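Residue-level listing of the chains:
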Amino acid sequence: MKKLSVNDLCRTTNDEALKFESTAELSNLKQVIGQERAVKALKFGLEILSPGYNVFVGGLPGTGKSTIVANLVKKFAESKPQPPDWIVVFNFRDEYHPKAFSLPAGEGQKFTKQMKRFISSLSTDLPKVFKGELYAKRKKEITAEFDSGREEIISAVNAEAAELDIQLSLNQSGFQTIPLKGGEQMSEEAFAALSEKEQAEINEHINLIQGHLREALRDMAEVEEERENVVENLQEKIALDTVEHRIGRLFENYEEYPGIIEYLKNVRDDIAEHVQEFVGMETSQEEEEGVSPVQVQKALMQRYKVNLLVDNCRQKGAPVIIDTNPSYYNLFGRIEKKALLGTWYSDFTMITAGAMLKANGGFLILDIQNVLQNVHVWESLKRALKNKTLQIEDVNEQFGFSSTTSLKPETIPLNLNVVLLGRSDYFHYLQEVDDAFNKTFKVRADFDYEVDRNAHNELLLCQFIARVCRENKLPHFTSQAATQIIVFSSRLAGDKGKLSLQFGTLVGLITESAYWAKKQKHRQVQLEDVRQAIAEKRFRGSLYEEKVWENIESETLLIDVAGEHVGQINGLAVYSMGDNSFGKPSRITATTYMGKPGIIAVEREAKLSGKTYDKGNLIINGYLGQTFAQNFPLSVSITLTFEQSYGGIDGDSASSTEIYAILSALSGFPVKQGIAVTGSVNQWGEIQAIGGVNEKIEGFFHLCELRGLTGEQGVIIPESNVDHLMLMPNIQEAVKAGKFAIWSVSSIGEGIEILTGVNAGSLNKHGNYPARTVFGAAQTKLKKYFMKGQSFNK
């Protein structure tokens with residue numbers, strides 16, 4: 001048992017020991033504070049080049065892991081080689097499966113520009129070639145040659161018809177056969193006047209000529225088709241000669257890339273094959289379909305474009321991509337669509353790269369919570385990392401939600417490290433439910449939330465303050481103000497010997513302190529500015545806390561802070577509302593009476609308690625049995641309750657408090673109501689550490705302040721919690737002035753002596769406690785219950 005001094009209540013730092021007057025004198029923090037294990041694990045994951053060695057970085061939010069990881073990965077990536085560019089081009093054999101090629105960094109953009117210039121120059125030069133005299137002369141010769149052939153065919157039929165007195169006449173409906181007589185066309189009347197034999201002979205001649213005419217027309221069509229073929233061959237040859245002349249340099253530039261060479265050959269052959277559409281000539285098919293040459297030409301030109309998916313020409317080292325919104329398409333890439341004539345249309349130029357392809361050859365940083373919240377992403381990510389390939393596709397098509405046939409580009413080989421950020425519970429969950437997780441993310445890097453408090457780390461924290469001030473253009477902190485940040489950091493860690501690494505919270509305090517300094521027109525942030533920032537932040541989130549105190553002050557909630565009472569004690573609990581936590585006293589009462597042995601916990605019976613609270617009650621049973629039931633069984637019923645508590649409760653931090661109330665009820669010794677208690681207990685009566693000790697003490701102190709400090713008030717805490725004390729200055733002042741006290745205890749006996757002012761008592765050799773002690777009086781009461789119970793049983 002110890003009554004704590006002011007020095008036990010908080011650990012301060014002498015601002016003179018910091019050896020600077022202002023953080024402006026300090027250099028920026030350039031190292032990571034207290035994360036040696038995490039940094040070492042992260043470097044291992046980045047450096048080892050083996051499948052599955054991706055990294056999961058775990059830790060509490062606000063510890064700066066995102067910033068630290070990003071900086072470390074970027075620094076590591078600077079020494080890595082530049083990854084290649086990626087392009088997508090038209091597949092001339094299967095337009096629904098575009099081809100993907102990699103080129104050295106910068107070559108992708110270069111090739112794209114060269115192809116654009118090449119097609120642009122061809123679109124200008126080819127029409128000139130076909131408008132030139134050479135092509136016109138040769139085409140004219142071919143046409144004349146085939147025209148004479150057609151004339152020969154029709155002349156032969158005409159000559160045969162003339163010998164048979166038949167005339168061929170061409171009109172809009174085609175060729176007509178007309179009989180002649182004396183060289184003149186025979187009228188219908190003259191034909192009707194002929195004998196049947198003569199008419200039959202003429203009809204026979206007409207049928208013969210019409211048959212020969214049909215054969216002649218077929219021959220003429222074949223001649224025309226042959227003429228068109230010869231003209232097309234001429235056009236292709238001219239086009240090939242023209243294209244070959246201009247594409248030769250591209251062949252030379254990319255002779256080391258077989259895929260590109262094959263693609264260029266396909267481009268050359270395709271232009272030659274579709275030269276009429278390329279130069280805007282109208283073909284017979286277009287004429288029949290009613291499509292303008294301009295439309296056809298525009299569609300054809302689209303085939304020769306190059307889609308530069310990833311351009312690494314300006315990339316220094318390996319890329320580091322941080323995707324804060326890893327939806328499926330943002331991560332794996334997208335195939336865009338656009339409306340055309342009432343339907344959806346897509347082509348290879350509408351394929352866009354996602355974060356994975358942009359990070360290929362480097363590092364991809366993702367938040368695991370965002371990954372799991374997006375549909376299809378987690379499974380697709382694992383599959384891509386396992387197969388080391390990326391497939392850009394329309395995910396809706398897999399489930400039949402796409403109304404059009406989608407493109408499916410060639411898969412792209414992947415070579416990247418993925419770093420997942422998230423809380424450690426995500427890591428444990430995925431380890432348990434996902435077998436593939438352990439094979440894919442073999443490296444775990446856990447970020448600590450606190451670091452040892454020593455002079456070196458205090459200086460590093462001050463350098464952190466200096467960096468925040470410079471980066472955000474804030475006024476610098478005096479040494480006294482920096483000291484208060486250090487104290488706040490220990491308070492945040494809940495331990496005198498630790499500094500919190502929750503940098504998000506610390507940056508918030510630094511920023512808000514600078515705001516209040518500016519309001520007070522301070523050139524530098526002063527100690528009072530930091531304290532005001534802490535107070536103002538607490539005030540902004542303390543509406544619910546104030547309502548609680550209003551109910552206590554108005555005695556709507558009954559809590560005594562003076563006098564004595566049997567079986568009644570003040571317990572302490574911590575309530576959290578967002579990032580604001582506060583301690584609230586609660587009245588706990590115990591009654592004892594004859595009946596079925598055991599403890600009736602009202603909250604447990606009303607189903608308002610949690611499992612940890614119920615466990616605490618069972619431990620109390622064990623303690624009472626171990627302490628008082630060695631010579632006779634317990635025959636007492638005990639009822640415990642938190643008065644005026646209507647919500648759920650959990651935790652075992654009130655278990656020692658409940659034992660004190662029970663001992664008071666059994667012994668008849670009253671408990672001082674000006675003293676509140678917190679601490680869990682084991683079956684041997686040893687007091688164990690609890691959480692939120694600072695908030696609990698401050699909560700009861702605030703109540704005592706409201707009612708008036710008497711010097712008889714205080715709080716009993718576990719001895720093992722003394723190192724966690726980082727109390728507010730007003731409590732330190734009250735303890736120093738003797739108006740408030742804090743005791744640390746290690747056993748139930750020590751605590752009950754403070755609460756009652758009566759010795760707890762120790763067992764004698766007969767297994768009994770002395771009569772005028774708390775334990776002795778309790779034992780007497782229990783023996784009395786037992787004896788009466790025996791008499792009732794008889």
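In the block above lies the structure referred to throughout.
Small disclaimer: the values here were computed from a predicted structure and weren't measured. (Residues numbered from 1 in each chain as written. Predicted model: local features only at pLDDT ≥ 70, side-chain atom pairs only at ≥ 80, totals over all residues. Heavy atoms only, no water.)

J.: What should I look at first to understand the pattern of salt bridges in this one?
T.: Should their charged atoms come close, side chains of opposite charge can pair. Enumeration over the complete set of coordinates arrives at 18 salt bridges. Here K382 ties to D434 by a salt bridge, and the two come within 2.5 Å at their closest N and O atoms. With K382 in helix α14 (residues 377-387) and D434 in the loop between α16 (424-433) and α17 (435-440), this residue pair connects regions lying 52 residues apart in the sequence. For D434, a relative accessible area of 10% gives the class buried. Here D425 ties to R423 by a salt bridge, and the two come within 3.1 Å at their closest N and O atoms. The class of R423 is partly exposed, set by a relative accessible area of 33%. One salt-bridge network, held together by shared partners, links E379, K382 and D434. (Salt bridge = Lys/Arg side-chain N within 4 Å of Asp/Glu carboxyl O. Helix = DSSP H or I, 4+ residues; strand = E, 2+ residues; numbered from the N terminus. Buried < 20%, exposed > 50% of the residue type's maximum accessible area, 1.4 Å probe, protein only.)

J.: Hey, could you run me through the sheet that holds strand β8 (residues 307-310) in this one?
T.: By definition, the strands of a sheet pair up through backbone hydrogen bonds, in either a parallel or an antiparallel sense. One open sheet accounts for three strands, arranged β4-β3-β8; its pairing is antiparallel. Edge positions in the sheet fall to β4 (99-103) and β8, since each of these pairs with one other strand and no more. Ignoring which end each strand starts from, the neighbouring axes of this sheet average 30 degrees apart. Relative to β8, strand β3 (residues 85-89) runs antiparallel, the two being bridged by three bridges. (Pairing = 2+ DSSP bridges. Axes fitted to C-alpha atoms, helices over the stretch in contact; angles between N-to-C directions.)

J.: Whenever I open this one, the packing of aromatic side chains confuses me. Can you help?
T.: Centre-to-centre distance and the angle between the planes together describe a pair of aromatic rings. Taken as a whole and judged by the stated rule, the model has 27 aromatic pairs. With centroids separated by 6.0 Å and ring planes inclined at 80 degrees, the aromatic side chains of F56 and F437 adopt a geometry described as edge-to-face. Linking F56 in strand β2 (residues 55-58) with F437 in helix α17, this pair joins segments that are 381 residues apart in sequence. A relative accessible area of 0% places F56 in the buried class. Judged by centre distance (5.8 Å) and plane angle (15 degrees), the rings of Y575 and F582 are stacked. (Phe/Tyr/Trp six-rings, centres within 6.5 Å; stacked < 30°, edge-to-face > 60°.)

J.: Quick question: what am I supposed to make of the sheet that holds strand β31 (residues 741-745) here?
T.: In space, the eight strands of this open sheet follow the order β1-β31-β30-β27-β22-β23-β25-β24, with mixed pairing throughout. Bordering the open sheet on either side are β1 (2-3) and β24 (598-601), each of which pairs with just one other strand. When strand β22 (residues 568-577) meets strand β23 (residues 580-594), the two strands line up antiparallel, connected through 10 bridges. For A573, the partnering residue across the bridge sits in β23 and is K584. Of the strands in this sheet, β24 and β25 (636-642) touch helix α24 (residues 611-628), which is tilted by about 155 degrees from β24. Contacts from helix α25 (residues 655-667) reach β22, β23, β24, β25, β27 (675-677) and β31, with the element oriented near 30 degrees to β23. (Contact = heavy atoms within 4.5 Å.)

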